[in-house]
Amino acid sequence: MNASNKCIVAKESGRLQIPYQDYVKLMDKVKEGKRMRLVADSVFVSLQGFLGGTKRAAAAKAGNAKASAPAKEKTESKKEAVEPLKPATKAEKAVARNMAEGLEIPPIKKDVSAHFNSQDESGRLFSVFKQYYACLNDACGGTVRVTIKDGICSLWNYNEWEEFAFIDIFEGQLRMAVDPRYTKALQSLNLCEVPRLLSSRRSLVCVQVDGLNNTMLEVLVKAFEEVGLTAG
């Protein structure tokens, strides 16, 4: 009997439920639906950096409409200037690509995941860390690896085998430390104290992040690409 003519049959009643061929078509539509959701998510991530400006423009538009409502019939509303959308950054494209393609991140050793889970039972911070890790491996054009010692993770440029960033958990957030030459690029973020273990052996600038941040991601990509350079 041809597989396309077979039917899905209920075990309890033995009654015909749905032709096998229709079942296959249905499953194909389910897969397509999942793919479309991933694409939609990627578009959302690409636009995420622009939401702040969009919200401000919408608020200003609403305020202008309310103020001019009484004179609406007497005067023509002025056209509002619309700022052009900025192109997606390298990091934003990496995030979107990972989400759209469902890429698997490189293996992370159990001691790293065990440390994160011991500090945050919800698993949220480890999930955020994995997002950074996956995006870096996709955006850097090279291989990123992570090791852990004394509760601090080191991110390595695997090709050069040199550390370019350090990550630990501090006050319920991820604390990331990089070379001080990136201080200006990070000034809009939450600067914080460098862990003593790190400050005792090298000069660093440190910030706290609560989630995947495009500015932080861009700086990490630069730090990966510029290993070996010194501040100043």
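Residues numbered from 1 in each chain as written. Predicted model: local features only at pLDDT ≥ 70, side-chain atom pairs only at ≥ 80, totals over all residues. Heavy atoms only, no water.

A.B. asks: Can you help me understand the nonpolar core in this one?
C.D. replies: What tends to happen in soluble globular proteins is that the nonpolar side chains get buried as a cluster. Counting residues in each nonpolar core, the largest one holds 38 residues, and the members touching the most others are Phe129, Leu155, Leu174 and Met216. The element contributing the most residues to this core is helix H5 (residues 124-139), with nine residues. Counting residues in hydrophobic clusters, the runner-up holds eight residues, among them Phe166, Cys192, Val194 and Leu204. (Core = buried A, V, L, I, M, F, W, Y, C linked by side-chain atoms within 4.5 Å. Buried < 20%, exposed > 50% of the residue type's maximum accessible area, 1.4 Å probe, protein only. Helix = DSSP H or I, 4+ residues; strand = E, 2+ residues; numbered from the N terminus.)

A.B. asks: Before we go on, may I ask you to explain the packing of aromatic side chains in this structure?
C.D. replies: The relation between two aromatic rings is expressed through the spacing of the ring centres and the mutual angle of the planes. Across all of its chains, the model carries seven aromatic pairs by this definition. On the numbers, 4.9 Å between centres and 25° between planes, the contact of Phe116 with Phe129 is stacked. Of the two residues, Phe116 sits in helix H4 (residues 110-119) while Phe129 sits in helix H5, which places them 13 residues apart along the sequence. With a centroid separation of 4.3 Å and an interplanar angle of 15°, the aromatic rings of Trp156 and Trp161 are classed as stacked. When its relative accessible area of 45% is taken as the criterion, Trp161 is described as partly exposed. (Phe/Tyr/Trp six-rings, centres within 6.5 Å; stacked < 30°, edge-to-face > 60°.)

A.B. asks: Explain the side chain of Asp168 here, please?
C.D. replies: Note that Asp168 resides in strand E5 (residues 162-170). Given the relative accessible area of 8%, Asp168 is considered buried. A polar contact of 2.7 Å, which involves the side chain of Asp168, links it to the side chain of Arg175. Ignoring sequence-local partners within four residues, the contact set of Asp168 consists of Gly151, Ile152, Gln173, Leu174, Arg175 and Pro195. (Polar contact = N/O pair within 3.5 Å; in protein donor to acceptor, adjacent residues only side chain to side chain. Contact = heavy atoms within 4.5 Å.)

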